[in-house]
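Breakdown of the fold
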Amino acid sequence: MAASLLRPYPHGLPRADPNLASHQPTRLKWSLGRRRRRRHILLCVFSSTATFQRELLVPPGPRTAQNPGPANSRNLLDRMPGRSVATVPGAANLLDERPRTRRKGAEEQNRSGAPKSGEKSRSATVVALAHAGRHAEVVEHFRRMRMEGVPVSRFVLPSVFRACVGLRDSRMLRGVHALVIKCSLCQHVVVGTALADAYVDFAFLDDARKVFDEIREPNAVSWSVIIGGYARSSRWAEAWAAFSAMQLSGVLPNVSVLVMAIQASGALGCQVRGKQMHAMAVVLGFGMNATVWNCLIDMYGKCGSMESCRRVFDTMISRDQVSWNTIISSYIRLGLCEEALDMIVQMQESGFTIDRFTLGSGVAACAHLGDIDKGCAFHGYLIRRALDTDVIRGTALVDMYGKCGNMELARLVFDRMDERNYVSWDALLSGYVENGLVDSALDTFRQMESTDIKPNQHTFANLLRICGDRRYKEYGRQIHGHAIRVINQMNVVLETELIDMYAKCGCIEVAQLLFIRMNERNLISWNTLLSGYVVDRQPVATINVYRQMELACIRPDRYTLAGLLNLCRFQGLLRYGKQIHARLIKTGSEMNVVLQTLLVHMYFKCGRWRDAHNVCTLIRERNSHVYEAFFKVYGDYLI
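For clarity, every value in this text was computed on a predicted model and none was experimentally measured. (Residues numbered from 1 in each chain as written. Predicted model: local features only at pLDDT ≥ 70, side-chain atom pairs only at ≥ 80, totals over all residues. Heavy atoms only, no water.)

Counting its secondary structure elements, the chain contains 35 helices and zero strands. Out of the 639 residues in the chain, the part that is buried amounts to 39%. Long-range contacts, defined here as pairs at least 24 residues apart, represent 57% of the contacts in the chain between residues at least 6 apart. If you sum the accessible surface of the chain, you get close to 37,000 Å²; carbon and sulfur atoms cover 54% of it. (Helix = DSSP H or I, 4+ residues; strand = E, 2+ residues; numbered from the N terminus. Buried < 20%, exposed > 50% of the residue type's maximum accessible area, 1.4 Å probe, protein only. Contact = heavy atoms within 4.5 Å. Areas by Shrake-Rupley, 256 points an atom, 1.4 Å probe, with all protein chains shown as cover.)

Okay, here's the thing in structure tokens:
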């Protein structure tokens, strides 16, 4: 048992024959010779392969059909039928050595920028084409670069965006945007800003805002793009919100951003924000910038503060033509037309010439004043400079003559104009409407349609103003039907004019139906319906409209109260008249001369002489209507 455990070989294997020991050296000698032969073969292969590679590495000349030139060494060796890495390991290492050396050198050259010279030249070509305005070639060159596998460069993409805008191809822009997302370049400030600017040019502001939100660290230019997009679309509330976000981010505004913030303050009518922008302009050192100061003048004028507007103008160090035109237009906007004409004279005395904008403002001032003599003087000035046939100045002249009541000269100026647009036709039509020339207004409307100028809601609202009479009720219905065919959705102004027209024509039921169907109602709409019921002598319906108006949280103004006082005056409703008088005292409106006159007539109609006398003693402003009321109260004792 113990002997079997100590056996040197496993069970079943034969023992080594001692007689075979003499053959072992012979086997070893044979193996050594075999290795030597294999080494000799490998050296031969090495020599031939090295020679073959040197021949292949010679730079190829121009290939022709007779001399196609050397092919790639790796491709030739790959097609060799007897090549085997297992049988020829040395040869395999030799063939892989030189390509690996070339790849390593290529990587070093990539880091140094040498092989990217081709990419840089092609990128420079794209940028140069974009600057030259050759947008189609930019897109084609970029497409070739993508087909050849050239990596996307953040320096090329802004030029491609500009080309998409130049070609007005929004689909291509969205395609390039997808490529930007794929390359993870949305957060780059240059690429993101250029892409947002392209979307702004297409008026896709929501897409521009999404792109802007992806920018990691937006700079002043990025904020300028998004704020400018909102300002260009007159979305002033969003422009101001973006400017506030810019301030919270710690980015200081440049001149363009500050100008747009001032414009937003003026458009929103917020003088407090405008004063903040004024202080910021002083702090940032823009006191010498005429553009900022001109925008401040315009902002204060839109906010109704002519005193601040004039103070900014007086403190300006360097005034230009725009400064004078801005202050003049601010005077006209606030109804100070005499002061505007005086400023034109001061402008000439200061050495500035009157341009077309100054002339337009002067004509508008004459139109507001109804001063045809000064208007003719401006007209002569325009004729001497051959500007009377210009569409803008000619339209201003037509409007001025129409408001002065001289429609013959208005028509003459209109016929002399080189070009007529919708505003020109509307100015002529408004002149006929204001002067009560119904037939001429309707003829002008027919001529307007014959020139393929589509009337809009303002045109129909003007025409309805001349139909507020029972004689022209049929004209009003035809205009209403035509407006339904032309306009898809009427606005609140046109619907209010329709209510007023039907109420004045005695169709109060139709006016009530239109009022019920309105999608949007304002204070003027309520006052129009209430006045319609007053004229129709329906006191119960009038009071019901007033109560519904209060339930709708619409605060009545002096026109509402005047309509109610007229109702009490005609119907002798003393109880309601006293309630309205109490409301006037409560709201502080009892000193309005129109309402005081109506109170006198109401108390006189109801036989309350003492109350009428008490109201008469409070009236300070005296006009013909006030004296008429005094005469009714005091009779022959009126002094």
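The positions that UniProt labels "repeat: PPR" (unreviewed entry) are, in the present scheme, residues 219-253, 289-319, 320-354, 421-455 and 522-556. The span residues 219-253 is 77% helical and 0% strand by assignment, and the distance between its end C-alpha atoms comes to 10 Å. Overall, residues 522-556 shows 74% helix and 0% strand. The separation of its end C-alpha atoms is 11 Å. (UniProt positions renumbered as here; feature names shortened; annotations may be inferred.)

Glancing now at the nonpolar core. Of all hydrophobic cores here, the largest spans 169 residues; its most connected members are Phe-161, Ile-227, Val-292 and Ile-327. Contacts of Ile-227, omitting those with residues within four sequence positions, involve Ala-239, Ala-242, Phe-243, Met-246, Val-257 and Met-260. (Core = buried A, V, L, I, M, F, W, Y, C linked by side-chain atoms within 4.5 Å.)

A ring pair, where both rings are aromatic, is described by two values, the distance of the centres and the angle of the planes. As enumerated under the stated definition, the model contains eleven aromatic pairs in all. Seen from their ring centres, Tyr-199 and Phe-204 are 6.5 Å apart, and the 45° between their planes marks the pair as tilted. According to the relative accessible area criterion, Tyr-199 is buried, its value standing at 2%. Ring plane angle 80° and centroid distance 5.0 Å describe the contact between Phe-604 and Trp-609, whose orientation is recorded as edge-to-face. (Phe/Tyr/Trp six-rings, centres within 6.5 Å; stacked < 30°, edge-to-face > 60°.)

Structurally, Asn-462 can be placed in helix α25 (residues 457-465). For Asn-462, the side chain forms a polar contact with the side chain of Ser-430, separated by 2.8 Å. A polar atom in the side chain of Asn-462 sits 3.0 Å from the side chain of Arg-465. Contact partners of Asn-462, with chain neighbours within four places excluded, come to Asp-426, Ser-430 and Val-433. (Polar contact = N/O pair within 3.5 Å; in protein donor to acceptor, adjacent residues only side chain to side chain.)

Moving on to the packing of helix α22 (residues 407-416) against helix α23 (residues 422-434). Between α22 and α23, whose axes approach to 10 Å, the crossing angle comes to 165°. Taken as axis vectors, α22 and α23 run roughly antiparallel relative to one another. In the packing of α22 onto α23, the handedness of the crossing is left-handed. Of the residues in α23, those in contact with Met-407, Ala-410, Arg-411 and Phe-414 of α22 are Ser-424, Trp-425, Leu-428, Gly-431 and Tyr-432. (Axes fitted to C-alpha atoms, helices over the stretch in contact; angles between N-to-C directions. Parallel < 35°, antiparallel > 145°, perpendicular 65-115°, else oblique. Left-handed = near helix turned anticlockwise from the far one by under 90°.)

Looking now at the pattern of salt bridges. Inspection of the entire model under this criterion finds 19 salt bridges. The residue Arg-310 makes a salt bridge to Asp-314 at a minimum N-O spacing of 3.1 Å. Taken together, the positions of Arg-310 and Asp-314, both in helix α16 (residues 306-314) and four residues apart, correspond to about one turn of that helix. Arg-310 gets classed as partly exposed once you look at its relative accessible area, which sits at 25%. Its relative accessible area of 41% is what places Asp-314 among the partly exposed residues. Note that Glu-338 is salt-bridged to Lys-374, the shortest N-O span being 3.8 Å. A residue pair is termed long-range when its members are at least 10 positions apart, and Glu-338 in helix α18 (residues 337-349) and Lys-374 in helix α20 (residues 372-384) qualify at 36 residues. (Salt bridge = Lys/Arg side-chain N within 4 Å of Asp/Glu carboxyl O.)

With that settled, the discussion passes to the packing of helix α27 (residues 492-504) against helix α28 (residues 508-517). Their axes nearest at 7 Å, the elements α27 and α28 cross at an angle of 165°. In this view, α27 runs roughly antiparallel relative to α28, as classed from their interaxial angle. Pair α27 / α28 crosses with left-handed handedness. On α28, the residues touching Leu-498, Ile-499, Tyr-502 and Ala-503 of α27 are Ile-508, Val-510, Ala-511, Leu-514 and Phe-515. Here the residues of the contact of α27 with α28 sort into nine nonpolar, no polar and no charged. (Nonpolar A, V, L, I, M, F, W, Y, C, P; charged D, E, K, R; others polar.)

Here we take up the environment of Asp-469. Secondary-structure assignment places Asp-469 in the loop between α25 and α26 (473-486). Accessibility expressed as a relative area gives 27% for Asp-469, which makes it partly exposed.

Here we take up unusual backbone geometry. Despite not being glycine, Ser-234 has its phi angle at roughly 60°, a positive value. By the secondary structure assignment, Ser-234 is in the loop between α11 (220-232) and α12 (236-249). What makes Ser-234 partly exposed here is its relative accessible area of 49%.

To continue, consider helix α19 (residues 356-369). Across its 14 residues, α19 extends 20 Å between first and last C-alpha, which sits within 8% of the 20 Å expected from 1.5 Å per residue. Turning to α19, its buried residues number three or more, namely Thr-358, Leu-359, Gly-360, Ser-361, Gly-362, Val-363, Ala-365, Cys-366 and Ala-367. The inward-facing, buried residues of α19 contact α17 (321-333), α18, α20 and α21 (391-403). (Expected span 1.5 Å × (residues − 1).)

Here the structure, examined in full by the defined rule, presents three cavities of 30 Å³ or more. Space inside the largest cavity adds up to approximately 40 Å³. The wall of the largest cavity is formed by Gly-287, Met-288, Asn-289, Ala-290, Trp-293, Met-316, Ile-317 and Ser-318. Split by residue class, the lining of the largest cavity holds five nonpolar, three polar and no charged. (1 Å grid on protein atoms, 1.4 Å probe; cavity = no way out; pocket = protein on both sides within 12 Å on 5 of 7 lines; lining within 4 Å. Points joined across faces, edges and corners; volume = space filled by probe spheres on them.)

The subject of this paragraph is the environment of Ala-208. Examined against the element boundaries, Ala-208 turns out to sit in helix α10 (residues 205-214). According to the relative accessible area criterion, Ala-208 is buried, its value standing at 0%. Along the primary structure Ala-208 and Ala-198 are separated by ten residues, whereas in three dimensions their C-alpha atoms are 8.0 Å apart. Contacts of Ala-208, omitting those with residues within four sequence positions, involve Ala-196, Tyr-199, Val-200 and Ile-226.

Position of Thr-459 relative to the elements: it lies in helix α25. With relative accessibility at 0%, the residue Thr-459 sits in the buried group. With sequence-adjacent residues up to four places away left out, Thr-459 is seen in contact with Tyr-422, Asp-426, Leu-429, Phe-445 and Met-448.

Another aspect to go through is the state of the cysteines. Under the counting rule described, the total for this entry stands at zero disulfides. Cys-303 carries a free sulfur, and the closest cysteine sulfur to it, the one in Cys-270, is 7.1 Å from it. As a non-bridged cysteine, Cys-366 has Cys-404 as the owner of its nearest cysteine sulfur, 7.4 Å distant. Classification of Cys-366 as buried rests on a relative accessible area of 0%. (Disulfide = S-S within 2.5 Å.)

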